Amino acid sequence: MIGRLSRTICGSAIAVRLLSAQIGLPEVTLSAGSRATLPLSFEAPDFITALQFDIEYDSSALQIEVTVGDAIRDSAKQLFCLDIQGGKRFVIGGMNNGRIAQGPLLQLHLGTARTSTAGSYPIRLLNLIAASADGDEVWLGSTDGRVNVELHAGAALPAISTMNAASFIAGP
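Residues numbered from 1 in each chain as written. Predicted model: local features only at pLDDT ≥ 70, side-chain atom pairs only at ≥ 80, totals over all residues. Heavy atoms only, no water.

Engineer: Help me understand the sheet that holds strand S13 (residues 141–143), please; the structure alone is not making it clear to me.
Structural biologist: Sheets are built from strands paired through backbone hydrogen bonds, the pairs being either parallel or antiparallel. A sheet is described by the order of its strands in space; here five strands give the open sequence S7-S10-S5-S3-S13, paired in mixed fashion. Either end of the sheet is taken by a strand with one partner, and the two such strands are strand S7 (62–68) and S13. When strand polarity is set aside, the average angle formed by the axes of neighbouring strands in this sheet is 20 degrees. Judged from the three bridges that link them, strand S3 (residues 22–24) and strand S5 (residues 35–43) form a sheet pairing that is antiparallel. (Pairing = 2+ DSSP bridges. Helix = DSSP H or I, 4+ residues; strand = E, 2+ residues; numbered from the N terminus. Axes fitted to C-alpha atoms, helices over the stretch in contact; angles between N-to-C directions.)

Engineer: Looking at this model, I keep getting lost on the pattern of salt bridges. Mind explaining?
Structural biologist: It is possible for side chains bearing opposite charge to pair when their charged atoms get close. Overall, the coordinates contain four salt bridges when judged by the stated rule. A salt bridge links Glu56 to Arg124; its shortest N-O distance comes to 2.9 Å. Here the residue Glu56 occupies a position in strand S6 (residues 48–56), and Arg124 occupies one in strand S11 (residues 119–132), the gap between them amounting to 68 residues. Its relative accessible area of 32% is what places Glu56 among the partly exposed residues. (Salt bridge = Lys/Arg side-chain N within 4 Å of Asp/Glu carboxyl O. Buried < 20%, exposed > 50% of the residue type's maximum accessible area, 1.4 Å probe, protein only.)

Engineer: What should I look at first to understand the nonpolar core in this one?
Structural biologist: For soluble globular proteins, nonpolar side chains are generally found buried alongside one another. Counting 36 residues, the largest nonpolar core has Ile48, Leu51, Phe53, Leu105 and Ile123 as its most contacted members. Here this core gets five residues from one element, more than from any other, and that element is S11. (Core = buried A, V, L, I, M, F, W, Y, C linked by side-chain atoms within 4.5 Å.)

Engineer: Got a minute to help me understand unusual backbone geometry in this structure?
Structural biologist: What is expected of a backbone is that most residues other than glycine have negative phi and most peptide bonds are trans. In this model, Ala76 sits at a positive phi of 55 degrees, which is unusual for a non-glycine residue. Its place among the elements puts Ala76 in the loop between helix H1 (70–75) and strand S8 (78–84).

Engineer: What exactly am I supposed to notice about the confidence of the model for the chain here?
Structural biologist: Any region with low pLDDT has predicted coordinates that should not be read closely. Chain-level statistics for the chain give a pLDDT mean of 82 and a share of 76% at 70 or above. When pLDDT is averaged over each helix and strand of the chain, the minimum, 44, is found for strand S1 (residues 3–9) and the maximum, 96, for strand S9 (residues 87–93). Contacts from residues 1–9, a stretch scored under 50 in pLDDT, to residues over four places away or in other chains number 28 contacts. (pLDDT = per-residue confidence, 0-100. Contact = heavy atoms within 4.5 Å.)

Engineer: Hey, could you run me through the pairing of S9 in this one?
Structural biologist: Consecutive side chains of a regular strand alternate in pointing toward one face of the sheet and then the other. Of all seven residues that make up S9, five are buried, and the element is covered over most of its length. Relative to S9, S6 runs antiparallel, the two sharing six bridges. Within S9, the residue paired with Gln52 across the bridge is Val91. Where S8 lies against S9, seven bridges are found, and the strand directions are antiparallel. Considered in S9, the bridge of Cys81 is made with Phe90. Between S8 and S9, which pair antiparallel and follow one another directly, the connecting turn spans two residues, one of which, Gly86, has a positive phi of 85 degrees.

So, in structure tokens, the structure goes:
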């Protein structure tokens, strides 16, 4: 759905494009202390040239590092990232008026702490805004992600250890 909506701010009419655009994250299940990579997908019409959004997550249970995805690389845009309370803020843009390609915007490299408790940890996409080449504000939808953490059963080994036939661990 593409349309136009006018709204008045401080006596000035501002045109806003409404469209069916979406950024989103999948759901993943990890063991405590493990890692995975999730793509942040982007689907939108051809006229979006800049994006800004926040990712909110529980930093006591999850660690997130980010690399540029194909959509940013193919569009010759730049990624700016800032740590904020409870997450990270991202701005994607550039000096060109080229559109941002569809596909994975970012690759989120997730890690769960070894001390994470079993449970479900949301990764929320907030404060989404985009712009077209002519400066119109574009509204986007989002699909939040989730990391489900499971605990392994069994004996835990010390961080630095070697197991061999001479180890004193009970077993068969």
